[in-house]
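Per-entry structural report
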Amino acid sequence: PRGTSLMNSWKLMKAKFSKEEYLQAILPWVFTCDDYQVPGLVEDYIQRALENPYPQSAEAYARQAEAVLSYDGEERLPNIKAPTLIIAGGNDILTPNRFVRAMRKGIPHAGVKVVKGAGHGLVYTHPRQFNRTLLRFLRSLAPKEARTL
């Protein structure tokens, strides 16, 4: 399947490319076309990633990719009893919205917020909207007297 091919190609690139080459190769899957139009957004992300004092090794990345590829927890979704909010980018090509629909269908009482125009990197590209959505959800879980804090 496509996902397996994608993860295997990313493992190979992580092992063979420089850090910057690797980022340049994978970021079109993370950021949208519109994100690339924002001056400095992708370049800033690359710079921050290159400055990370604790980068993930190629070996650790390969193990993580294998774990992702070998696990399918869809049948366990109905067992999730905790309040759940699924936040996804409307233009996420790495984790398409069909996965959001499957999670929403499988997790009882899950809430869904799809951020219009956002890709997989929505936490970085839409931080205010992401944080506002998450905080609203977390506040909804707090006792009434604590919601005003």
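In short, a report on the structure. (Residues numbered from 1 in each chain as written. Predicted model: local features only at pLDDT ≥ 70, side-chain atom pairs only at ≥ 80, totals over all residues. Heavy atoms only, no water.)

**Quick notes on a positive patch on the surface**
A surface patch of like charges, here positive, comprises Lys113, Arg128, Arg132 and Arg136. Of the residues forming the positive patch, the biggest block, three residues, is contributed by helix α8 (residues 127-141). Assignment of secondary structure puts arginine 136 in helix α8. (Patch = residues over 30% accessible without salt bridge, like charges linked within 9 Å, V, L, I, M, F, W, Y side chains within 5 Å. Areas by Shrake-Rupley, 256 points an atom, 1.4 Å probe, with all protein chains shown as cover. Salt bridge = Lys/Arg side-chain N within 4 Å of Asp/Glu carboxyl O. Lys, Arg positive; Asp, Glu negative; His and termini not counted. Charge placed at Lys NZ, Arg CZ, Asp CG, Glu CD. Helix = DSSP H or I, 4+ residues; strand = E, 2+ residues; numbered from the N terminus.)

**Describing the side chain of histidine 126**
By the element assignment, histidine 126 lies in the loop between α7 (122-125) and α8. Polar contacts involving the side chain of histidine 126 include one to the side chain of threonine 125, which spans 2.7 Å. Every residue in contact with histidine 126, bar those within four places of it in the chain, is listed here: Val115, Lys116, Gly117 and Ala118. (Polar contact = N/O pair within 3.5 Å; in protein donor to acceptor, adjacent residues only side chain to side chain. Contact = heavy atoms within 4.5 Å.)

**Observations concerning the nonpolar core**
By size, the foremost hydrophobic cluster in this structure holds 15 residues, and its most contacted members are Trp10, Tyr22, Ile26, Leu27, Phe31 and Val42. Contributions of two or more residues to this core are made by α1 (2-16), α2 (19-30), α4 (41-50) and α5 (58-70). Tallying contributions element by element places α2 first for this core, with five residues. Sequence-distant contacts of tryptophan 10, that is, excluding residues within four places in its chain, are made with Tyr22, Ile26, Trp29, Tyr61 and Leu94. (Core = buried A, V, L, I, M, F, W, Y, C linked by side-chain atoms within 4.5 Å. Buried < 20%, exposed > 50% of the residue type's maximum accessible area, 1.4 Å probe, protein only.)

**Focus: the layout of surface pockets**
Of the voids in this model, the largest pocket is the one considered here, and its volume is about 870 Å³. Sorting the residues of the lining of the largest pocket by element identifies α1, α5 and α6 (97-106) as the ones contributing at least two each. Here the lining of the largest pocket takes five residues from α1, the largest share from any one element. In the lining of the largest pocket, the residues fall into 12 nonpolar, five polar and four charged. Broken down by secondary-structure element, the contributors of at least two residues to the lining of the second largest pocket are α1, α2, α4 and α5. With six residues, α2 is the single largest residue contributor to the lining of the second largest pocket. Residue classes in the lining of the second largest pocket are distributed as 15 nonpolar, four polar and two charged. (1 Å grid on protein atoms, 1.4 Å probe; cavity = no way out; pocket = protein on both sides within 12 Å on 5 of 7 lines; lining within 4 Å. Points joined across faces, edges and corners; volume = space filled by probe spheres on them. Nonpolar A, V, L, I, M, F, W, Y, C, P; charged D, E, K, R; others polar.)

**As for the pairing of strand β1 (residues 85-89)**
Consecutive side chains along a regular strand alternate between the two faces of the sheet. By the bridge criterion, five bridges tie β1 to strand β2 (residues 111-115) in an arrangement that is parallel. By the bridge assignment, isoleucine 86 is partnered in β2 with valine 112. The parallel pair β1 and β2, bridged by α6, forms a crossover whose chirality is right-handed. (Pairing = 2+ DSSP bridges. Right-handed = clockwise from strand over helix to strand, strands pointing away.)

**Points about α6**
Within α6 the residues assigned to the buried category are Asn97, Val100 and Gly106. Elements that come into contact with the buried residues of α6 comprise β1 and β2.

**Here's the deal with the packing of aromatic side chains**
For any two aromatic rings, the description comes down to two numbers: the centre-to-centre distance and the angle of the planes. Within this structure, the stated rule accounts for five aromatic pairs. For the pair phenylalanine 31 and tyrosine 36, a centre-to-centre distance of 6.4 Å together with 85 degrees between the ring planes defines the contact as edge-to-face. Ring centres of phenylalanine 31 and tyrosine 45 lie 5.3 Å apart, and the angle between their planes is 80 degrees; on these two criteria the pair is classed as edge-to-face. Linking phenylalanine 31 in the loop between α2 and α3 (33-37) with tyrosine 45 in helix α4, this pair joins segments that are 14 residues apart in sequence. By relative accessible area, phenylalanine 31 is classed as buried at 4%. Feature note: the residues Phe31, Tyr36, Tyr45 and Tyr124 constitute an aromatic cluster, connected by ring pairs. (Phe/Tyr/Trp six-rings, centres within 6.5 Å; stacked < 30°, edge-to-face > 60°.)

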